[in-house]
Amino acid sequence: MRLYVPLLVDELTDVLATGRLPGRSAFGATQALRSLDPGADEEDLEFEAMCQALDAARDLGAGRRVVAAADGPDRAETGSAARLVGETPVPLADVVSFHVEEHEGEVGDGYDDLLWYDVTELGHLAAAR
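Residues numbered from 1 in each chain as written. Predicted model: local features only at pLDDT ≥ 70, side-chain atom pairs only at ≥ 80, totals over all residues. Heavy atoms only, no water.

1. Topic: a negative patch on the surface
Turning to step 1, where the next piece is worked out: On the surface, a cluster of negative charge is contributed by Glu102, Glu104, Glu106, Asp109, Asp112 and Asp113.
Turning to step 2, where the next piece is worked out: Asp112 sits in the exposed class, given a relative accessible area of 72%. (Patch = residues over 30% accessible without salt bridge, like charges linked within 9 Å, V, L, I, M, F, W, Y side chains within 5 Å. Areas by Shrake-Rupley, 256 points an atom, 1.4 Å probe, with all protein chains shown as cover. Salt bridge = Lys/Arg side-chain N within 4 Å of Asp/Glu carboxyl O. Lys, Arg positive; Asp, Glu negative; His and termini not counted. Charge placed at Lys NZ, Arg CZ, Asp CG, Glu CD. Buried < 20%, exposed > 50% of the residue type's maximum accessible area, 1.4 Å probe, protein only.)

2. A word on the sheet that holds strand S3 (residues 95-101)
Turning to step 1, where the next piece is worked out: The antiparallel open sheet is built from four strands, whose spatial order is S1-S2-S3-S4. Two strands close off the open sheet at either side, each with one partner strand: strand S1 (2-8) and strand S4 (114-118). Averaged over all neighbouring strand pairs, the angle between strand axes comes to 25°, with direction disregarded.
Turning to step 2, where the next piece is worked out: As judged from the seven bridges shared by S1 and strand S2 (residues 65-71), these two strands associate in the antiparallel manner. Across the sheet, the residue bridging to Leu7 is Val66, located in S2. (Pairing = 2+ DSSP bridges. Helix = DSSP H or I, 4+ residues; strand = E, 2+ residues; numbered from the N terminus. Axes fitted to C-alpha atoms, helices over the stretch in contact; angles between N-to-C directions.)

3. Here's the deal with helix H3 (residues 42-57)
Side chains that are three or four residues apart share a direction in an α-helix, a result of its 3.6 residues per turn.
Turning to step 1, where the next piece is worked out: For H3, which comprises 16 residues, the first-to-last C-alpha distance of 23 Å matches the rise-based estimate of 22 Å (1.5 Å per residue) to within 8%.
Turning to step 2, where the next piece is worked out: Within H3, the full set of buried residues consists of Leu45, Ala49, Met50, Cys51, Gln52, Ala53, Leu54, Asp55, Ala56 and Ala57.
Turning to step 3, where the next piece is worked out: Packed against the buried residues of H3 are S1, helix H2 (31-36), S2, S3 and S4. (Expected span 1.5 Å × (residues − 1). Contact = heavy atoms within 4.5 Å.)

4. Brief notes about the side chain of Arg58
Turning to step 1, where the next piece is worked out: Note that Arg58 resides in the loop between H3 and S2.
Turning to step 2, where the next piece is worked out: Of note is the side chain of Arg58, whose polar atom sits 3.1 Å from the backbone oxygen of Gly61.
Turning to step 3, where the next piece is worked out: Setting aside its immediate chain neighbours within four residues, Arg58 contacts Gly63, Arg65, Glu101, Glu104, Gly105, Glu106 and Val107. (Polar contact = N/O pair within 3.5 Å; in protein donor to acceptor, adjacent residues only side chain to side chain.)

5. A closer look at the environment of Ala126
Turning to step 1, where the next piece is worked out: Inspection of the secondary structure puts Ala126 in helix H4 (residues 122-128).
Turning to step 2, where the next piece is worked out: Relative accessible area serves as the criterion here: at 8%, Ala126 is assigned to the buried category.
Turning to step 3, where the next piece is worked out: Between the C-alpha atoms of Ala126 and Val15, which are 111 residues apart in sequence, the distance is 8.7 Å.

What follows is the structure, encoded as structure tokens:
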């Protein structure tokens, strides 16, 4: 399952140092999300899950928001939208990309302005924060 984990850009240094994402709720293309839009394809559902993760990152405090996309085992669903149960840290080895907002924005903003970075660029992202 593709997981979308909310972060702030200031947390990337710790991700690099620890080799894992912080333990927090992730988002994914859940059955609850599918039921809200039965005609949506997988790519649209994953984009919606990533947008919900981006909105959740605002709850972490001020700063540029980041969404880490990772491959992981299926997780239990909360039953509402794309949020998944549990706060298991995700190893950096499972992360495939980081999506960073170009400019600090509010909830509901920035979906089309996300900059894509391969996981191999984490060192650059952490240094440039």
